[in-house]
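What the coordinates show
So you can see what is in the structure, the chains are spelled out below.
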Amino acid sequence: MSFLFDPRQRQHMADGIFSWVDDHLEYFDPPQEDEILDDTPEDVTSDKRRKAFGELGACLRLINRCPDLRDREDVQALCQWWIETGDARQIFFDLRRRIQLFPLRVVAQAVRATLGGYDQAVTDEMQNVMERGVIDRYEISAWHKMDMKYYVDLIGLCHGYDTDENLFKHSFLQAMPTLQDATNYDLYGLTHLIFGFADFGNKDITKLVGPHMTYLLDYTAGALAMCLARCDWDLAVELMMTRIYLGVRNHTLDREAARAICECQKPSGFIPGRKFLAGTTQADDPMMQREKEFFDVYHPTLVTMFLITAELSEYPA
Amino acid sequence: MTHFSPENAAASTAKWLQTIIGSRMETEHLTQAIALASVCAALNPKSCDLLIQPAFWQAQNLRNFDFSASNIVNSLMAATFLQKIKGDLVTGASNYITLLNEVVPQSPTNANEAYVRTTLQNNTSDQIETEMVLDIDLRHLRSGNNTKLKNVLDIIETHTRFGTLVISEQGPIGALLEGSAMQALSKYDLPLAFRALRACAYLGRAGSFVCDSGLDFIGLCQNANGVFGDFDTSVAKMRRDTSEGQPELSLYLSISLQALWTMAELSEVSGRPFRLTSNMT
């Protein structure tokens, strides 16, 4: 389907994004896990490179749903790099004790189940961790529960998370903060809940959402327009994806938002983040500036790729 | 659906006005106060009896009042109001209105001129439908730039004649503008937010999810004494930094006028959109 970008625009955006990712692979490269030996395993925390690596994997998993993208040579090379790098960096090292890395590792395992390199022994170890009664019992918001539940379901782990119906009922999606007072955290909560419930477009959530659909459509439209007004491309793109998963097609607001995203893409292919636009990624040292820029812009750039896959995916009737 | 009524809000603000008018005021404040009184009276004539009594305003020595001392919208609101309540206050007001009639072009080119023409024309409270297409660069509504946003608002106010001309659907302009209004509200930039919300109403968006949310916001920011806005910190800072009498007066007069005006434009009166410019003279 094509209801946001015209094919030429989309091709141009995708070319730019993949080229930029390829040019910045060193920052997606996670630490060598089996060489981090001086910290207590329970104290090893996720860092920005692990997060970037995991999010690139999540992006590639969704790209795999779209033949037009999946079959590109640069995408295939990127998938290959992602799997080989994961192996080389021993990303599942000391899985049962490096508990703080568990969420990202579940994402990685779900990605490997799609892209290749899947190892059932890793899933078995993950199940062992789940059965220790910790991961699914943390006091966290419905958003974070949904994020975890989504990926543990993908690799078939048994868990104690609630049903989608109950998670929806206990989430804030039925009564969100007034738009002008909604924080970025609130808006990410909204988008991620819908991503999970809708399996990034694989599930029709009309029945789950029920009578709250009109409210969600109105709220996301207002939030999208507000994010466009403040040039917050990262959240704007997530809200556009959310609206696709809620069933929005060919809305003038979303098409205008798509034009905005095309226009804001930089010649090297990235989509600017909040810090870049505020000028706070500047540094005297060019390498330092490159790194600061990367960690601000990689997320809006990857979610724009998510958006392109959202537009190209086939949806349940 | 919002539960705030501009009529009740106006009655409450009018009571506050009655408490401050007794003392002598600077010309700028007085213009704002009369303009605010005019809005209160337009929204709720019955509950604003005292405000529309000539005697109420006599103490302010309005005979030699300088209408040009304030911005053109406030001054015209004040002048039309004084002309309306008559008494012996009318001469200066009439002269000011005559002057504006002579100098402001018949075909307005900006929002101030459109405001003057629409108010003075006042030949109908019905909205006139037109097929006009607004020439607006949508990028200005997603630029994060308030100057560009204000230019868009100027175009909308001018071309819709403050909502008295109903224009057909203009693509995503209204939806984008709602986002700009919410962004301004999130920064507590009330004058810009209220102006953007009024422009949404001029584009036929009153009653939308965002406009109703804006209307609720305005209703909830009215204080028990009738003024609008939560400015405790700003007022405390003004008092700390100046030795003059009531530095906050201008703030409350201005915001209260904007708030009531916006509530009115976002509401329906007798089942029809209410346009302040059609109810001022």
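Quick caveat: nothing in here was measured; it's all calculated off a predicted structure.

**Quick notes on the overall build of chain B**
When its secondary structure is counted, chain B shows 12 helices and four strands. Taken over C-alpha atoms, the radius of gyration comes to 18 Å for chain B, in line with the 19 Å a tight globule of 281 residues would show. By principal-axis analysis of the C-alpha atoms, chain B measures approximately 50 × 45 × 35 Å. The burial tally for chain B puts 54% of its 281 residues in the buried class. When contacts within chain B are restricted to residue pairs at least 6 apart in sequence, those whose partners lie at least 24 apart make up 74%. If you sum the accessible surface of chain B, you get close to 12100 Å²; carbon and sulfur atoms cover 47% of it. Charge separation in chain B, taken as the distance between the mean sites of 21 positive and 27 negative side-chain charges, equals 2 Å.

**Quick word on the interface of chain A and chain B**
With 19 residues of chain A at the contact, the number on the chain B side is 20 residues. Counting each side, the surface lost to burial between chain A and chain B is near 1600 Å², with a carbon and sulfur contribution of 66%. Among the residues of chain A in contact with chain B, Q180, A229 and E256 of chain A are the three that bury the most area, contributing 35% of the side total. At the junction of chain A and chain B, the tally comes to two salt bridges. The partner of R142 of chain B in a salt bridge is E256 of chain A, and the shortest N-O contact between them spans 2.8 Å.

**Looking at the nonpolar core**
Formed by 209 residues in total, the largest nonpolar core has its most connected members in F28, W82 and F102 of chain A together with L17, W57, I156 and L260 of chain B. With residues up to four places along the chain from it excluded, the contact list for W82 of chain A reads F53, L56, G57, L60, A108, V111, R112 and L115 of chain A.

**Thoughts on the pattern of salt bridges**
Residues and elements named next belong to chain A. By the definition in use, this model includes 28 salt bridges over all chains. Close ionic contact of K51 with E55 constitutes a salt bridge, the shortest N to O distance being 3.4 Å. Placement of the pair is K51 and E55 together in helix α3 (residues 48–63), with a separation of four residues, close to one helical turn. In this structure, R65 engages D199 in a salt bridge whose closest nitrogen and oxygen atoms are separated by 2.8 Å. One end of the pair, R65, is in the loop between α3 and α4 (67–70); the other, D199, is in the loop between α10 (184–197) and α11 (206–209), and 134 residues separate them in sequence.

**Let's talk about the side chain of T191 of chain A**
Of note, T191 of chain A is situated in helix α10. Dropping the residues within four chain positions of it, T191 of chain A is found in contact with E238, L239 and T242 of chain A.

Definitions and cut-offs
Residues numbered from 1 in each chain as written. Chains lettered and ligands numbered in written order. Predicted model: local features only at pLDDT ≥ 70, side-chain atom pairs only at ≥ 80, totals over all residues. Heavy atoms only, no water. Helix = DSSP H or I, 4+ residues; strand = E, 2+ residues; numbered from the N terminus. Rg over C-alpha atoms; globule rule 2.2 N^0.38 Å. Buried < 20%, exposed > 50% of the residue type's maximum accessible area, 1.4 Å probe, protein only. Contact = heavy atoms within 4.5 Å. Areas by Shrake-Rupley, 256 points an atom, 1.4 Å probe, with all protein chains shown as cover. Lys, Arg positive; Asp, Glu negative; His and termini not counted. Charge placed at Lys NZ, Arg CZ, Asp CG, Glu CD. Buried area = accessible area lost by both parts, 1.4 Å probe. Salt bridge = Lys/Arg side-chain N within 4 Å of Asp/Glu carboxyl O. Core = buried A, V, L, I, M, F, W, Y, C linked by side-chain atoms within 4.5 Å.

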